[in-house]
Amino acid sequence: MSQTVLPESAVPSIPTRILLGPGPSNVSPRVLQAMIQPMIGYLDPDFMLIMDEVRELLKRVYQTEAANTLAISGTGSAGMEAGLSSLLEPGDTVVMCIYGFFCERMVEMASRIGANVVPLRAGWGRPFPEEMLEEELKKHTNVKMVTAIHAETSTGVRQPMTNLARLAKENDALLMVDSVTSLGGNEVLFDQWDADYAYSATQKCLGCPPGLSPVAVSDRAVDVMRNREKAPVSWYLDLSLLGNYWGWEGNRVYHHTAPVSMILALREGLRLALSEGLTQRFQRHTLNAKALCAGLEAFGLECVVPEEHRLAQITVVQIPDGVDDSSVRQSLLRNFGIEIGGGLGELAGKVWRIGLMGESSKAEYVLALLSALESVLPKAGYEVAHGSGVAAANNVFKS
Ligand SMILES: Cc1ncc(COP(=O)(O)O)c(C=O)c1O
């Protein structure tokens, strides 16, 4: 048989990038190394032990004693859809706090499930006002669930959760929290908030490739799932079936072929995060974001979110008048190997989103970006004082 000659690939090897967008972020060599271990069966007793370990490690990052944890095969959106479709039945009332692009995605998913969706829309760029939820909840007697996003990646706002959580509980509603951009970069206090379902994604502050959605589920939410009238429409994302595979009740029932290498990656990413120490990790994120903002402000750029509400893992910065969004981003990528993100939804073309998440949250990346911007911005028609950004960032690092 003659051998087929393949055409040369357009991208024969993956370029090394500094990933400072909204995710994926850079991945530690230790995590990549974990992925190239030999393949193992998804019901192999040794793999079961690894899954148990991942469940335990997830409990620690979610800061929970009691919750049931697992990692869904899929990205953050799979975690979002699994929670909505496993906990809501058609006709159930869900009150959704909306203050950004990803909140709207939840509305779309819950509507497709046939839930009675009550969207509470507040302005983007500020935390959701808890009074709005309080007022709305007074109008209902049967709210099944309240949803909120802890870290809205589209706006860069950190949502205070305590009062939203309290209101959900006072109204006997389940609380679902999106922690896609916060887990591993911010305190996610599953038990303290008395949350019922939280989901995340591996590619942001957990420093792994995209592909898994780690979740935590309260016992109360497990009861709700087990006592549904009808099984959820989605079989693949049925949390109750997934819980059976992850051994929530002891024995394991095959569900689907687990992405073994990704689970090995997650285990290593979690071990790295916890051995750094959660508090130290959060402080690292805070310091690097502070230095970045100082540098950007020294250029005369505006960090959109007021400091007290700013997320450390994603900085949203206003694009100056007359500067072309995509040519700046392309120049950073092509000439400096640095990726930053553009705006989403109503912020498209108006802001850049600079992620400093997990392995990407490093002083050297902050300084590299500021010095690259010093070269790119003047070519885009925006003059900056030479050396000012790096100097301002270094002042923060020194203090
Ligand atoms: C807050 C938030 N929720 C959900 C998602 C969806 O996650 P994924 O893209 O991993 O499906 C994202 C993605 O950036 C996000 O930032």
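Fair warning: this is a prediction, and the values are worked out from it, not measured in the lab.

Conventions used here
Every chain begins its residue count from 1, and numbering advances along the sequence as written. Thresholds applied to this predicted model are a pLDDT of at least 70 for local features of residues and 80 or more for the giving and counting of side-chain atom pairs; totals over whole chains, interfaces and linings are not thresholded and use all residues. Think of the side-chain values as coming from all heavy atoms in the structure, minus any hydrogens and water. Note on terminology: near, applied to a residue and a molecule or strand, indicates that one of the residue's heavy atoms is within 4 Å of it. Pairing of N or O atoms within 3.5 Å defines a polar contact, subject to two protein rules: one partner must be a possible hydrogen donor and the other a possible acceptor, and residues neighboring in sequence count only if both atoms are side-chain atoms. Under the convention used here, a 1.4 Å probe and the Shrake-Rupley method define accessible areas, while residue burial counts only the protein chains that appear. The helix count covers DSSP runs of H or I at least four residues long, the strand count covers runs of E at least two residues long, and both are numbered beginning at the N terminus. Under the grouping applied here, Gly and all other residues not named as nonpolar or charged are polar, the nonpolar ones being Ala, Val, Leu, Ile, Met, Phe, Trp, Tyr, Cys and Pro and the charged ones Asp, Glu, Lys and Arg. Salt bridges are counted wherever a side-chain nitrogen of Lys or Arg sits within 4 Å of a carboxyl oxygen of Asp or Glu. Relative accessible area decides the class of each residue, using a 1.4 Å probe on protein chains only: under 20% of the type maximum gives buried, over 50% gives exposed, and in between gives partly exposed. By convention a nonpolar core is built from buried Ala, Val, Leu, Ile, Met, Phe, Trp, Tyr and Cys residues, the set being connected through side-chain atoms within 4.5 Å. Whether two strands pair comes down to DSSP finding at least two bridges between them. Axis angles are defined between N-to-C directions and span 0 to 180 degrees, where every axis is a line fitted to C-alpha atoms and, for a helix, only to the segment in contact. Contacts are residue-level and defined by heavy atoms, with any inter-residue pair within 4.5 Å sufficient.

Student: Looking at this structure, I do not really get the site of the ligand. What am I missing?
Tutor: Near the ligand lie 14 residues; those nearest to it are Thr75, Ser77, Thr153, Asp178 and Lys204. Here threonine 153 contributes a side-chain N or O atom positioned 2.3 Å from an oxygen atom of the ligand. At a separation of 2.7 Å, a nitrogen atom of the ligand approaches a polar side-chain atom of aspartate 178. Compared with its free state, where it exposes 380 Å², the ligand has 88% of that area covered by protein. It is helix α3 (residues 76-87) that contributes the most residues to the shell around the ligand, 3 residues altogether. Grouping the constituent residues of the shell around the ligand by class yields 5 nonpolar, 6 polar and 3 charged.

Student: What exactly am I supposed to notice about the environment of glutamate 364 here?
Tutor: Along the chain, the position of glutamate 364 falls in helix α12 (residues 363-379). For the pair glutamate 364 and valine 316, spaced 48 residues apart in the sequence, the C-alpha separation amounts to 20 Å.

Student: How do you make sense of the pattern of salt bridges when you look at a structure like this?
Tutor: Where charged atoms from two side chains of opposite charge approach closely, those side chains can pair. Inspection of the entire model under this criterion finds 20 salt bridges. A salt bridge links arginine 121 to glutamate 104; the shortest N-O distance between them is 2.7 Å. Placement of arginine 121 in strand β4 (residues 116-121) and of glutamate 104 in helix α4 (residues 101-113) is noted, with a sequence separation of 17 residues between them. Among the residues examined, arginine 121 registers a relative accessible area of 48% and is labelled partly exposed. Owing to a relative accessible area of 26%, glutamate 104 belongs among the partly exposed residues under this scheme. Salt bridges sharing partners connect three or more residues here, namely Lys169, Asp172, Asp196 and Arg220.

Student: Any chance you could explain the nonpolar core here in plain terms?
Tutor: A general tendency of soluble globular proteins is for nonpolar side chains to be buried together. Judged by nonpolar contacts, the single largest core of 92 residues is most densely connected at Ile72, Leu84, Leu133, Val146 and Tyr197. Counting residues per element, this core draws most heavily on helix α2 (residues 45-61), at 8 residues. Within the second largest apolar cluster, 32 residues are counted, among which are Ile18, Val317, Leu370 and Val376.

Student: Hey, could you run me through the sheet that holds strand β10 (residues 212-217) in this one?
Tutor: Strand pairs in the sheet, formed through backbone hydrogen bonds, run parallel or antiparallel to each other. Across the sheet, 7 strands lie side by side as β2-β10-β9-β8-β5-β3-β4; this open sheet has mixed pairing. Each edge of the open sheet is held by one strand with a lone partner, namely β2 (68-73) and β4. Taking the axes of each pair of neighbouring strands and ignoring which way they run, one obtains an average angle of 20° across the sheet. Strand direction decides the pairing type here: strand β3 (residues 93-98) and β4, joined by 6 bridges, are parallel. Residue pairing in the sheet places isoleucine 98 in a bridge with arginine 121 of β4. This element, helix α5 (residues 130-138), spans β3, β4 and β5 (143-149) of the sheet and lies at about 145° to β4.

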